[in-house]
Amino acid sequence: MRAEKYKIYNISINLGEVIVVDVAKSDGGPVFDFQPGQYAMLMIFDRDGKLMEEHPFSIASSPNQKRSLQFGIKMMGRFTRRLAELKKDDEIYILGPFGNFIFDQEKHKDAVFVAGGVGITPFMSIFRYAFDNNLQNKLTLLYGARTIESALYFQEIKQLEDQNKSFKAYFAITDEDVSADVARAKKCFINLKMIWETVDFNISDKKFFVCGPPPFMTAMMNCLKRMGVSENDIFTEKFSMVPSLEQSFGDKWLKYVFRGASAIFLVVLIMIFLNEREKLAIREELSQLKVAFLGETINLLEQQPVTMQSQAPAEQPIQPVPQVQQPIEQQKPAPTKKIIIPRTTIS
């Protein structure tokens, strides 16, 4: 697998936040084969003409579209800001496909898709593929966005819904009131109650696909677990802030260390890990010092009695104790001498 050269033939920016870019092979040939839900690696040139670090983005177009690829990309760093500056006919390199976040029309007969923000991108590939092939799989979408206008692909989703009775879309809008004219849309967050109501309180034989920013993913996974959905029936694709850090700092090692997870969370973990290692090293050094100190102390204690015994014979001749006791013994009457007074008779 090698990167191939593509040309941009259409690029637009939605509310200054999301870039929608369409590309085609520079040689006019067909794009690579992929499955709905997969992603590709994009490489672009910076302003100095140098090739920038590759970044992964989900494919939004249908696998049936053989002449072009579409990507919906959140602006979140140096790479995507540079991408937004590109124009029609500018060249980029694409490598792919990658990923296991794949819709299988044979296995996923009843699928529920939960999207947050730009997490709708891989689902669009799935919906377009289902419509292109006139699939009868039951597809249900729960899409969370700040406003109707910021809901990427909103109009196309409504059109697909009108043309396919097996597809239903529900919108959770957080930052504005929703007109009653918009079917199945209300001001709320996607929560446990909304998911239960959407699936008619029945999770049997359903497969759940979840895609969005890390906090959104965590909240949705908690809801599904509380509903009793098996982990085997949940498929996830995380959109994290890792590319933003890579693009901002430009360090290659960040890509390999932090990709796939929240950068701040991992940095904190690594800092804690490093501190613990330092503490452990200090503890080991202190332990070695303690052992050495105790060893020296024990040696001194063991050697001290031997030294005293070896010096004792040299000190005995000058001990004053016998000299002090001798005069005391001379003052006492000798026990063997007795004074005998002869008896005298007085008449």
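Cut-offs used in this document
- Residues numbered from 1 in each chain as written.
- Predicted model: local features only at pLDDT ≥ 70, side-chain atom pairs only at ≥ 80, totals over all residues.
- Heavy atoms only, no water.
- Salt bridge = Lys/Arg side-chain N within 4 Å of Asp/Glu carboxyl O.
- Helix = DSSP H or I, 4+ residues; strand = E, 2+ residues; numbered from the N terminus.
- Buried < 20%, exposed > 50% of the residue type's maximum accessible area, 1.4 Å probe, protein only.
- 1 Å grid on protein atoms, 1.4 Å probe; cavity = no way out; pocket = protein on both sides within 12 Å on 5 of 7 lines; lining within 4 Å.
- Points joined across faces, edges and corners; volume = space filled by probe spheres on them.
- Nonpolar A, V, L, I, M, F, W, Y, C, P; charged D, E, K, R; others polar.
- Pairing = 2+ DSSP bridges.
- Right-handed = clockwise from strand over helix to strand, strands pointing away.
- Expected span 1.5 Å × (residues − 1).
- Arc of directions from axis to C-beta.
- Polar contact = N/O pair within 3.5 Å; in protein donor to acceptor, adjacent residues only side chain to side chain.
- Contact = heavy atoms within 4.5 Å.
- Axes fitted to C-alpha atoms, helices over the stretch in contact; angles between N-to-C directions.
- Parallel < 35°, antiparallel > 145°, perpendicular 65-115°, else oblique.
- Left-handed = near helix turned anticlockwise from the far one by under 90°.

1. Details of the pattern of salt bridges
- What the rule picks out here adds up to 17 salt bridges.
- Put simply, Glu4 and Lys25 hold a salt bridge, and the shortest N to O gap is 3.8 Å. One end of the pair, Glu4, is in strand β1 (residues 4–14); the other, Lys25, is in strand β2 (residues 18–25), and 21 residues separate them in sequence.
- Judged by its relative accessible area of 26%, Glu4 is partly exposed.
- The class for Lys25 is buried, based on a relative accessible area of 13%.
- What you see here is one network of salt bridges that share partners, running through Glu4, Lys25 and Asp27.

2. Overview of empty space enclosed by the protein
- Inspection of every chain in the model, using the stated rule, returns one cavity of 30 Å³ or more.
- When its volume is computed, the largest cavity comes out at roughly 40 Å³.
- Together, Phe127, Ala130, Phe131, Leu139, Leu160, Asn164 and Phe167 line the largest cavity.
- Counting residues per element, the lining of the largest cavity draws most heavily on helix α2 (residues 121–132), which supplies three residues.
- When grouped by side-chain class, the residues that make up the lining of the largest cavity number six nonpolar, one polar and no charged.

3. Re the pairing of strand β9 (residues 167–173)
- Counted residue by residue, β9 has five buried out of seven residues, so it is predominantly covered.
- Judged from the seven bridges that link them, strand β8 (residues 138–145) and β9 form a sheet pairing that is parallel. Paired with Tyr143 across the bridge in β9 is Phe171.
- Regarding topology, helix α3 (residues 154–163) serves as the crossover connection from β8 to the parallel β9, and that connection is right-handed.
- Where β9 lies against strand β10 (residues 185–187), three bridges are found, and the strand directions are parallel. Its bridge partner being in β10, Phe171 is matched across the sheet by Ala185.

4. Topic: helix α5 (residues 214–227)
- When the terminal C-alpha atoms of α5 are compared, their 20 Å separation across 14 residues agrees well with the 20 Å that a helix rising 1.5 Å per residue should span.
- Listing the buried residues of α5 in full gives Phe216, Met217, Met220, Cys223, Leu224 and Met227. Summarising the axial view, the buried residues of α5 lie within an arc of 130 degrees, below the 170-degree limit, and thus occupy one face. Residues of α5 that are exposed and point more than 90 degrees away from the buried face comprise Pro215 and Arg226.

5. Describing the side chain of Ser61
- Here Ser61 lies in the loop between β4 (55–58) and β5 (69–74).
- Residue classification places Ser61 among the buried positions, given a relative accessible area of 6%.
- Polar side-chain contacts of Ser61 include one of 3.2 Å to the backbone nitrogen of Gln70.
- Residues contacting Ser61, with those up to four places away along its chain left out, are Phe34, Ser68, Leu69, Gln70, Ser125 and Arg128.

6. Some points on the side chain of Thr198
- Structurally, Thr198 can be placed in helix α4 (residues 192–198).
- Judged by its relative accessible area of 12%, Thr198 is buried.
- Ignoring anything within four residues of it in the chain, the contact list for Thr198 reads Thr140, Leu142 and Tyr170.

7. A closer look at the packing of α2 against α3
- Remark: α2 packs on α3, axes separated minimally by 11 Å, with the N-to-C direction vectors making an angle of 30 degrees. Accordingly, the angle class assigned to the pair α2 and α3 is roughly parallel. Note that α2 runs across α3; the crossing there is left-handed. Of the residues in α3, those in contact with Met124, Phe127, Arg128 and Phe131 of α2 are Glu156, Ile157, Leu160 and Gln163.
- The residue inventory of the contact of α2 with α3, partitioned by class, reads five nonpolar, one polar and two charged.

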